[in-house]
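Breakdown of the fold
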Amino acid sequence: MKPNASGGRDNVRLYDTLDSTNDEARRLSEGGETGPLWVRSLEQTKGRGRRGRTWLGEPGNLFTTGLFTLTCGPAEAANLSFVAALAVAEAIDLHVTQGAVSLKWPNDVLIEGKKTSGILLESWQGQAGFHLAVGIGVNVRTRPDGIDQPITCVADHVPLGHLPVSAEILFETLRHRFHDWFDIWAQRGFGPIAQAWLARASGVGQPIIVRLPHETLEGRFYGLAPNGALQLEQADGTIHEVTAGDVFFG
Ligand code: BTN
C-alpha cells in the first residue's frame, strides 16, 4: 500500500529563482520535509534533464518538482513518471487543439509530434524513508535551444481567440491531475496508468528505433511491460524490454 497523496496537492513553495527544483526538493527533504509538497520556480539556473542533459530554465516556462516519501521501492516508484506524463498531457489538453497532445516513451509529452515537456525522477533514501522527486519541465511560452529533437511550446498551439496560457495556470491543473492519477495508482496499481498512457502514446505498433548508450535497437513498439519498460518486438518476434533509452519513430 502506498500513501495517499491527495493531502499535498495544495502544499506549494514558489521561488523566484532556483538552481534546480529537484535540488531544492532534495535540500528540503534533508531538512526534514517529507511531502507531499510541490516546489516551483519561475526560472532555473542549473536545470537537469534525463541522461545528464541540461534543461534550460527560461522564465515563462514551468519548472516544478513534487516531493514524496513512499513506502514502495524505486522500481514501483518509477511508475510515477507515467502518472506525471498523463497529468502534464491533460493540463496541456485544455489549451490546445483537441488530439494534438501525445506521449512518447518513457515520459515526454509532445504537441503535434514535438517535445514540449520532460520529466526527471530522482530518488534517495533519507532518515524518514524513501524519497522521490518528480521533476517536471514544460515549455509554456518559449522553445529553448539545445534539445536534440523537434521541440515546441504550448503557446504556439493555443488556437486564435483563446486566452494566453501561463505556467501558473498549467501548474494548477497539472497538480490536481497528478494527485488524481496518483490516488488511482496507489489504490489499483500500474494497470490503469499503463492503459491510459498507452491510449495516448505515439507510435504503438509502429516501427521505432531505440538508442541506448552503447547500441541502437530497431523493431516495433509492442507495448509497456508491467514495470513500465518499453516492449520492443524484434524482427524474429522476440520481445526485448528496454528500461532506459531514447525512442525515434520511423
Ligand atoms: C528530460 O530530459 O526530458 C527531463 C527534463 C526535466 C526538467 C525538469 S524542470 C524541473 C525539474 N528540475 C530539474 O532540474 N529538472 C526537472
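Scroll up to find the structure.
The structure reproduced in this document is the subject of the present report. Owing to the predicted nature of the structure, the values given are computational and were not obtained by experimental measurement.

Turning next to the sheet that holds strand β7 (residues 129-138). Picture the strands of a sheet paired through backbone hydrogen bonds; they go either parallel or antiparallel. In spatial order, the strands read β1-β2-β3-β7-β6-β5-β4; together these seven strands make up an open sheet with mixed pairing. The sheet terminates laterally at β1 (12-18) and β4 (101-104), the two strands that pair on one side only. Geometrically, the sheet is characterised by an average inter-axis angle of 20 degrees between neighbouring strands, direction not taken into account. Its contacts with the sheet put helix α1 (residues 21-30) on β1, β2 (37-44), β3 (62-70), β6 (114-126) and β7, and the angle it makes with β2 is roughly 140 degrees.

The full set close to the ligand counts 19 residues, and S20, Q44, R48, R50 and K115 are the nearest of them. In this structure, a nitrogen atom belonging to the ligand sits 3.1 Å away from a side-chain N or O atom of T21. Within the side chain of K115, one N or O atom sits 2.6 Å away from an oxygen atom of the ligand. Relative to its free-state accessible area of 420 Å², the ligand is covered by the protein chains to the extent of 99%. Of all the secondary structure elements, the ones that give two or more residues to the shell around the ligand are α1, β3, β6 and β7. A per-element tally of the shell around the ligand places β6 first, with four residues. Here the shell around the ligand is built from residues that sort into four nonpolar, eleven polar and four charged.

With that out of the way, let us pick up the packing of helix α3 (residues 80-93) against helix α5 (residues 191-199). One can describe the packing of α3 onto α5 by two numbers: an axis separation of 10 Å at closest approach and a directional angle of 45 degrees. By the criterion of interaxial angle, the relationship of α3 to α5 is oblique. Crossing handedness for the pair α3 and α5: left-handed. Here F82, V83, A85 and L86 of α3 come into contact with α5, specifically with I193, A196 and W197.

Definitions and cut-offs
Residues numbered from 1 in each chain as written. Predicted model: local features only at pLDDT ≥ 70, side-chain atom pairs only at ≥ 80, totals over all residues. Heavy atoms only, no water. Pairing = 2+ DSSP bridges. Helix = DSSP H or I, 4+ residues; strand = E, 2+ residues; numbered from the N terminus. Axes fitted to C-alpha atoms, helices over the stretch in contact; angles between N-to-C directions. Contact = heavy atoms within 4.5 Å. Near = heavy atom within 4 Å. Polar contact = N/O pair within 3.5 Å; in protein donor to acceptor, adjacent residues only side chain to side chain. Areas by Shrake-Rupley, 256 points an atom, 1.4 Å probe, with all protein chains shown as cover. Nonpolar A, V, L, I, M, F, W, Y, C, P; charged D, E, K, R; others polar. Parallel < 35°, antiparallel > 145°, perpendicular 65-115°, else oblique. Left-handed = near helix turned anticlockwise from the far one by under 90°.

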